[in-house]
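Tertiary structure, described
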Amino acid sequence: AQSVTQLDSHVSVSEGTPVLLRCNYSSSYSPSLFWYVQHPNKGLQLLLKYTSAATLVKGINGFEAEFKKSETSFHLTKPSAHMSDAAEYFCVVSGLEGGSEKLVFGKGTKLTVNP
Amino acid sequence: EPEVTQTPSHQVTQMGQEVILRCVPISNHLYFYWYRQILGQKVEFLVSFYNNEISEKSEIFDDQFSVERPDGSNFTLKIRSTKLEDSAMYFCASILEAGTFYEQYFGPGTRLTVT
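The following paragraphs examine the structure supplied in this document. Every chain's residues receive numbers from 1 upward, in the order its sequence appears when written. Chain A is the first chain written and ligand 1 is the first ligand written, with later ones labelled in order. Where totals are concerned, whole chains, interfaces and linings use all residues; where local detail is concerned, this predicted model gives features only for residues with pLDDT of at least 70, and gives and counts side-chain atom pairs only at 80 or more. Side-chain numbers come from the whole structure's heavy atoms, not from hydrogens or water.

Observations regarding the nonpolar core
Here is the rule we go by: Remark: nonpolar core denotes a set of buried residues (Ala, Val, Leu, Ile, Met, Phe, Trp, Tyr, Cys) joined through side-chain atoms within 4.5 Å. Think of it in three bands: with a 1.4 Å probe and only protein chains considered, a residue is buried below 20% of the maximum accessible area for its type, exposed above 50%, and partly exposed in between. Numbered from the N terminus, helices here are DSSP runs of H or I no shorter than four residues, and strands are runs of E no shorter than two. By definition in these notes, contact holds between two residues if any of their heavy atoms fall within 4.5 Å.
The biggest cluster of nonpolar side chains holds 27 residues, and the ones touching the most others in it are A:Trp35, A:Leu48, A:Phe74, A:Leu76 and A:Tyr89. Ranked by the residues each element gives to this core, the list is headed by strand β10 (residues 87-94) of chain A, at four residues. Non-local contacts of A:Phe74, meaning those with residues more than four positions away in its chain, are made with A:Cys23, A:Leu33, A:Phe34, A:Trp35, A:Leu48, A:Tyr50, A:Ala65, A:Glu66, A:Phe67 and A:Cys91. Membership of the second largest hydrophobic core comes to 22 residues, among which are B:Val19, B:Ile26, B:Cys92 and B:Val114.

Below, the structure written as structure tokens:
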């Protein structure tokens with residue numbers, strides 16, 4: 001069965017400092033991996049996705065993530081946090097388990113950006 | 001940019017009552033999904049729907065739940081007799097084609113409160 005573990009439920013950074021949100025996954029198959037962001041009272045928006053092409057994936061708003069198969073990780077990073085990055089971030093895995101496209105979500109990491 | 005919409009944004013109902021949550025997926029999308037998120041817990045897959053049929057459902061999606069695409073635009077989730085534990089945020093999503101390479105587009109969610 002597929003699963004996702006987000007190692008931090010809450011991360012707090014200062015504006016202008018790097019962001020690291022950690023994610024580990026478990027899958028019997030070659031997974032597709034996603035990061036979604038949810039701003040307050042908004043829907044889930046895709047930040048980036050990994051689908052077995054380049055292991056370093058660039059997304060919107062300066063975010064990127066690196067797929068490391070040996071570590072079963074897909075950590076999300078950004079060099080310099082903005083106030084507008086404050087939101088909840090979800091690491092998500094999909095795929096290929098019996099041909100299912102359903103998404104399996106991590107518990108989410110709430111990012112706080114301090115001025 | 002096309003988006004998935006959901007109504008209402010917040011629904012309060014009494015235990016035992018029927019509720020219908022409505023979603024309008026992106027117009028040319030073919031696959032539709034419902035997910036839910038109980039407060040403080042993970043986003044969980046409920047059901048996927050394609051070609052007017054359920055293609056996959058989770059253990060959560062029991063006989064109290066049903067989905068329908070009554071016309072060419074709406075996609076609904078019905079809960080026949082609500083329980084306190086049905087209180088959650090319900091997200092609708094749609095995708096253009098099958099396959100984990102494609103992004104699922106999410107609506108803003110309906111917060112269901114069962115009293």
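Notes on the interface of chain A and chain B
Selection rule: Defined here as a combined quantity, buried area equals the accessible surface (1.4 Å probe) lost by two parts on assembly, summed across both. By convention in these notes, a salt bridge is any Lys or Arg side-chain nitrogen within 4 Å of a carboxyl oxygen on Asp or Glu. Polar contacts, as counted here, are pairs of nitrogen or oxygen atoms within 3.5 Å of one another; within protein the pair requires one atom able to donate a hydrogen and one able to accept it, and residues that are adjacent in sequence qualify only if both atoms are side-chain atoms.
Taken together, the contact pairs 23 residues of chain A with 19 residues of chain B. Overall, the association of chain A and chain B removes approximately 1800 Å² of surface from exposure, summing both partners, and the carbon and sulfur fraction of that is 57%. Across the contact surface, chain A and chain B share one salt bridge. Here B:Glu56 and A:Lys102 are joined by a salt bridge, their closest N and O atoms 3.8 Å apart. Counting across the chain A and chain B interface gives two residue pairs in polar contact (both at pLDDT 80 or more). Looking at the side of chain A that touches chain B, the elements that each hand over two or more residues are β5 (32-38), β6 (44-50), β10 and β11 (103-105) of chain A.

Considering the layout of surface pockets
Cut-off, in case you're wondering: The rule is simple: put a 1 Å grid over the protein atoms alone, call a set of points where a 1.4 Å probe fits but cannot get out a cavity, call an open set with protein on both sides within 12 Å along at least five of seven lines a pocket, and count a residue as lining if it has an atom within 4 Å of a point. Grid points are joined across faces, edges and corners, and a volume is the space filled by probe spheres set on the points. Gly is placed with the polar residues, together with every amino acid not listed as nonpolar (Ala, Val, Leu, Ile, Met, Phe, Trp, Tyr, Cys and Pro) or charged (Asp, Glu, Lys and Arg).
In this model, the largest pocket occupies a volume close to 610 Å³. Lining the largest pocket are 27 residues, and of these A:Gln38, A:Glu88, A:Phe90, B:Gln37 and B:Arg111 lie nearest its centre. Those elements giving two or more residues to the lining of the largest pocket turn out to be β10 and β12 (109-114) of chain A together with β9 (88-95) of chain B. For the lining of the largest pocket, the leading source of residues is β10(A), giving three residues. Partitioning the lining of the largest pocket into residue classes produces 10 nonpolar, 11 polar and six charged. Volume-wise, the second largest pocket comes out at about 450 Å³. Every residue lining the second largest pocket is counted, 20 residues in all, and those nearest its centre are A:Gly43, A:Leu44, A:Gln45, B:Glu3 and B:Phe106. Where the lining of the second largest pocket is concerned, the elements lending two or more residues are β5 and β6 of chain A together with β10 (105-106) of chain B. Broken down by element, the residue count for the lining of the second largest pocket peaks at three residues, all from β6(A). For the lining of the second largest pocket, a count of residues per class yields 10 nonpolar, six polar and four charged.

Quick notes on unusual backbone geometry
Residues and elements named next belong to chain B. A cis amide bond, omega -10 degrees, links Thr7 with the succeeding residue Pro8. As for its position among the elements, Pro8 is in the loop between β1 (5-7) and β2 (10-13). Positive phi, close to 55 degrees, is recorded for Asn51, a residue that is not glycine.

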